[in-house]
Amino acid sequence: MKKIVLLNLLFSICFIQGNEVYKFHSLEDEKRFYDLIQEIRCPKCTSGSIASSNAPVSEDLKNKIAELINEGYSDKEIKEYAKARFGNEVLYNPEVNSSTYLLWYGPFIFLFMILTGFFFRRKSQ
Amino acid sequence: MKIFIRLVILIIPIVGFVFFYNLLTEDKFYPGANFDRFNVPVFALDDITSQKIYTKDDLNDELLLNVWASWCITCRVEHGFLMELKQEGFLITGLNYKDESTDANNWLNLYGNPYSFSLHDIKGSLALDMGVTGAPETFLIKNGEVLVHYSGEVNLAVWDNVFYPVIKENKMFR
């Protein structure tokens, strides 16, 4: 009897300690979830995604994302949700907007300038 | 062409100098890459004494909302300054974050209570909705709108540089 109680206790501990299990309506939703948590940065430990983090705030955010997916939110809306609360830097891929044009297109402009300079130099010689 | 190169060599350090000069001498509080004022989300939470369920409407018109927990060491450091603020007449409401109510109440009994009341957010749901990443964090709220969101310990320097200018600008706590 004692052994059974002890075994039960052990199993229940495993159950409590086990990772959060996320439930979804469909397999696509589940895939979306795992893609999304790779693309959102952990607000507390900024060098990792929330998928790779078990900081309390990341766990909360993952739960919230699972909840939002089940409520039918789109990927874009979920990213907006995270961005509104934790800032632009929470998204791994910076959005293309007026404040990030330089970031996205700067390297090409720079390359263009260098190439132009290079060809002009050739001609003058 | 040579003139062009000489110009570039001259311009690059000047641009760098101006950039870093502006960056280093800026003494304005920088609340984050895209801090926008936002409205306090809708909530319904117990207070830590489990006497009443509070909603957004129960918050005062002007208040400081301080995220704290008994397990949070920096909150203990910050606590003395919050007591001073309370004595000066600032209304501080607590948001008890991921904490057991018995631990929270014991902590307040032991060190003193600077809060008008403390919401008990054991799951961190309201905190997540307000963009809290940990404790302590402090919000300045006027008529349900968040004007300042500060992460970390509030002390005299932070108060003077971050909170006081906004309080003055918005004519609060008069």
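Above: the structure in question.
No experiment lies behind these values; they were computed from the predicted model shown.

1. Quick word on the overall build of chain B
Thought 1: Each helix and strand counted, chain B has five helices and eight strands in total.
Thought 2: Tracing chain B from N to C terminus, the helices and strands come up as α-β-β-β-β-α-β-α-β-α-β-β-α.
Thought 3: In summary, chain B has a C-alpha radius of gyration of 21 Å against a globular reference of 16 Å for 174 residues, an excess of more than 25%.
Thought 4: Each principal axis of the C-alpha atoms in chain B carries an extent, and together these give about 80 × 30 × 30 Å.

2. Things to note about the nonpolar core
As a rule of thumb, soluble globular proteins bury nonpolar side chains together.
Thought 1: If you look at the biggest cluster of nonpolar residues, it comprises 41 residues, and the most contacted ones within it are A:I65, B:V67, B:L95, B:Y97, B:A127, B:F139 and B:L140.
Thought 2: With five residues, helix α3 (residues 56–70) of chain A is the largest single contributor of residues to this core.
Thought 3: Not counting residues within four places of it along the chain, the set of residues in contact with A:I65 comprises A:F33, A:L36, A:I37 and A:I78.

3. Focus on the packing of helix α2 (residues 27–39) of chain A against α3(A)
All names here are of chain A.
Thought 1: One can describe the packing of α2 onto α3 by two numbers: an axis separation of 10 Å at closest approach and a directional angle of 145°. The element α2 and its partner α3 pack so that their crossing is right-handed. Of the residues in α3, those in contact with D29, R32, F33, L36 and I37 of α2 are K62, I65, A66 and I69.
Thought 2: A class-by-class count of the residues in the contact of α2 with α3 yields six nonpolar, no polar and three charged.

4. Here we look at helix α5 (residues 156–169) of chain B
Thought 1: Taking 1.5 Å of rise per residue, 14 residues should cover 20 Å, and α5(B) covers 18 Å from first to last C-alpha, within 8% of that figure.
Thought 2: Directly beyond the C-terminal end of α5(B), a positive phi value near 50° is found at B:K171.

5. Describing the interface of chain A and chain B
Thought 1: Between chain A and chain B, the contact holds 15 residues from the first and 10 residues from the second.
Thought 2: Residue assignment for the side of chain A that touches chain B shows that the elements contributing at least two residues are α3, α4 (75–86) and α5 (101–124) of chain A.
Thought 3: Ranked by residues supplied to the side of chain A that touches chain B, first place goes to α3(A) with five residues.

6. Some thoughts on the sheet that holds strand β7 (residues 137–142) of chain B
All names here are of chain B.
Thought 1: An order of β1-β8-β7-β4-β5-β6 is seen for the six strands of this open sheet, with the pairing classed as mixed. Edge positions in the sheet fall to β1 (38–39) and β6 (118–121), since each has one partner strand and no second.
Thought 2: When β7 meets strand β8 (residues 145–151), the two strands line up antiparallel, connected through six bridges. Bridge pairing links F139 to H149 in β8.
Thought 3: Running at roughly 175° to β8, α5 makes contact with β7 and β8 of the sheet.

7. With respect to α3(A)
Thought 1: For α3(A), which comprises 15 residues, the first-to-last C-alpha distance of 21 Å matches the rise-based estimate of 21 Å (1.5 Å per residue) to within 8%.
Thought 2: Of all the positions in α3(A), only A:V57, A:S58, A:D60, A:L61, A:K62, A:I65, A:A66 and A:I69 are classed as buried.
Thought 3: Residues of α3(A) that are buried in the fold lie against α2 and α4 of chain A together with α4 (125–129) of chain B.
Thought 4: Positioned one or two residues after α3(A), A:G72 has a phi angle of 90°, which is positive.

Cut-off values and rules
- Residues numbered from 1 in each chain as written.
- Chains lettered and ligands numbered in written order.
- Predicted model: local features only at pLDDT ≥ 70, side-chain atom pairs only at ≥ 80, totals over all residues.
- Helix = DSSP H or I, 4+ residues; strand = E, 2+ residues; numbered from the N terminus.
- Rg over C-alpha atoms; globule rule 2.2 N^0.38 Å.
- Core = buried A, V, L, I, M, F, W, Y, C linked by C-beta atoms within 7 Å.
- Buried ≥ 20, exposed ≤ 12 C-beta atoms within 10 Å, placed from the backbone.
- Contact = placed C-beta atoms within 7 Å.
- Axes fitted to C-alpha atoms, helices over the stretch in contact; angles between N-to-C directions.
- Left-handed = near helix turned anticlockwise from the far one by under 90°.
- Nonpolar A, V, L, I, M, F, W, Y, C, P; charged D, E, K, R; others polar.
- Expected span 1.5 Å × (residues − 1).
- Pairing = 2+ DSSP bridges.

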